[in-house]
Amino acid sequence: HGHHGTVTGGAQWVEGYQGGALRFADNVYVESAYAGVTGTAARTCCAWIKIPTAANRTIMSWGQNVATQKWRVRLDTTGGLRVENNGGNLYGVTNLADGRWHHVAVVFANDGSPDIADALLYVDGRPDMTAAVTANPLDTVAGPLRIGEDPWHNAPWVDVIDEARVYNKALSQQEIGLVMRVDPLLAWAASPAEDTTPDIEHATPLAWTRGDKA
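Residues numbered from 1 in each chain as written. Predicted model: local features only at pLDDT ≥ 70, side-chain atom pairs only at ≥ 80, totals over all residues. Heavy atoms only, no water.

Novice: So, the overall build of the chain: which residues are in play, and what are the values?
Specialist: Assigned secondary structure in the chain consists of 1 helix and 17 strands. Against the globule reference of 17 Å for 214 residues, the chain gives a C-alpha radius of gyration of 17 Å, in line with a compact fold. C-alpha extents for the chain along the principal axes are approximately 50 × 40 × 35 Å. Burial statistics for the chain: of 214 residues in total, 44% are counted as buried. Restricting the contact set of the chain to residue pairs at least 6 apart, pairs at least 24 apart contribute 64%. In the chain, the 16 positive side-chain charges and the 24 negative ones have mean positions that sit 3 Å from each other. (Helix = DSSP H or I, 4+ residues; strand = E, 2+ residues; numbered from the N terminus. Rg over C-alpha atoms; globule rule 2.2 N^0.38 Å. Buried < 20%, exposed > 50% of the residue type's maximum accessible area, 1.4 Å probe, protein only. Contact = heavy atoms within 4.5 Å. Lys, Arg positive; Asp, Glu negative; His and termini not counted. Charge placed at Lys NZ, Arg CZ, Asp CG, Glu CD.)

This is the structure:
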């Protein structure tokens, strides 16, 4: 849609969840002239991520670092998925800093009294329980959008991000499941899941969902 990004710093192209992905580090990020979703409009931010430690790492962000005007998606120091807007935040209970691939999504829809506390968190396609929340009205201002670091050079990502996406609508859980597939022609929803080590009692039956047109 014309929202191209520029890679800044010594990013490395590495194997991703599907195809290639970027490995981030200090002062490494992707910046787009896209201003992000602003005001109180509905939005969804999602990505495949992998990171070994939490320590307050930014997935994507835009807006201004002013109360109510920032939109930032990151990992909390606990490893939980977190969204904040300078003055308010909420984060989930699932620790994602385990060195494995996880799909994360933050969904916001305006219910008439827009507040950061209304955001919904999804981890690996399922709703994540909220560990803590601080309410604060939401009124996001224009970008620029950054992936792997926020526009104020804080809390850079230190591992891999793949398939980072921003939608100007609130995706449903079913739609998030479709986004997770990345390539609709490939098989998906494997059971046991990728990167897991089930014991022999629970390893069968092997199952997956076929890709489109298979």
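Novice: Which residues make up the pattern of salt bridges, and what are the values?
Specialist: Under the criterion given, the structure shown has 12 salt bridges. We note a salt bridge from Glu149 to Arg146, for which the minimum N-O separation is 3.1 Å. Grouping residues by exposure puts Glu149 and Arg146 together as buried. For Arg181, the salt bridge goes to Asp212, with nearest N and O atoms at 2.9 Å. (Salt bridge = Lys/Arg side-chain N within 4 Å of Asp/Glu carboxyl O.)

Novice: How would you sum up the sheet that holds strand E1 (residues 5-8)? Please name residues and give values.
Specialist: Taken together, 8 strands build an open sheet; the order of strands is E1-E4-E14-E6-E7-E8-E9-E13 and the sheet is antiparallel. Pairing within the sheet leaves two strands with one partner each, and these edge strands are E1 and strand E13 (130-134). Taking the axes of each pair of neighbouring strands and ignoring which way they run, one obtains an average angle of 15° across the sheet. (Pairing = 2+ DSSP bridges. Axes fitted to C-alpha atoms, helices over the stretch in contact; angles between N-to-C directions.)

Novice: Which residues make up the side chain of Asp115, and what are the values?
Specialist: Tracing the sequence through the fold places Asp115 in the loop between strand E10 (102-108) and strand E11 (120-123). Despite being buried, Asp115 has no salt bridge partner; Arg43 is the closest side chain of opposite charge, sitting 12 Å away. A polar contact is formed between the side chain of Asp115 and the backbone nitrogen of Ala117, at a distance of 2.8 Å. Dropping the residues within four chain positions of it, Asp115 is found in contact with Phe108, Ala135, Asn136, Pro137 and Leu138. (Polar contact = N/O pair within 3.5 Å; in protein donor to acceptor, adjacent residues only side chain to side chain.)

Novice: Give a description of the side chain of Asn89 that names residues and reports values.
Specialist: Turning to its location among the elements, Asn89 is positioned in strand E9 (residues 89-92). Take Asn89: its relative accessible area is 12%, and that puts it in the buried class.

Novice: Hey, could you go over the sheet that holds E10 for me, with residue numbers and the actual values?
Specialist: Sheet architecture is open: 7 strands sit in the order E2-E3-E15-E5-E10-E11-E12, paired in antiparallel fashion. The open sheet has two free edges, formed respectively by strand E2 (12-15) and strand E12 (126-127), since each of these has just one partner strand. Taken together, the 4 bridges between E2 and strand E3 (residues 20-23) define a ladder with antiparallel strand orientation. Bridged to Gln12 within E3 is Arg23. Together, strand E5 (43-50), E10, E11, E12 and strand E15 (160-167) form the strand contacts of helix H1 (residues 173-180), whose direction differs from that of E10 by roughly 140°.

Novice: Could you give me a rundown of the environment of Asp98, with the residues and numbers involved?
Specialist: Among the structural elements, Asp98 can be located in the loop between E9 and E10. The partly exposed category is assigned to Asp98, whose relative accessible area is 37%. In this structure the C-alpha to C-alpha distance between Asp98 and Ala54, which are 44 residues apart in sequence, comes to 8.7 Å. If sequence neighbours within four positions are ignored, Asp98 has contacts with Ile51 and Pro52. Here Arg100 takes part through its backbone nitrogen, which lies 3.1 Å from a polar atom of the side chain of Asp98. Only 3.0 Å separates the side chain of Asp98 from the side chain of His102, close enough to count as a polar contact.

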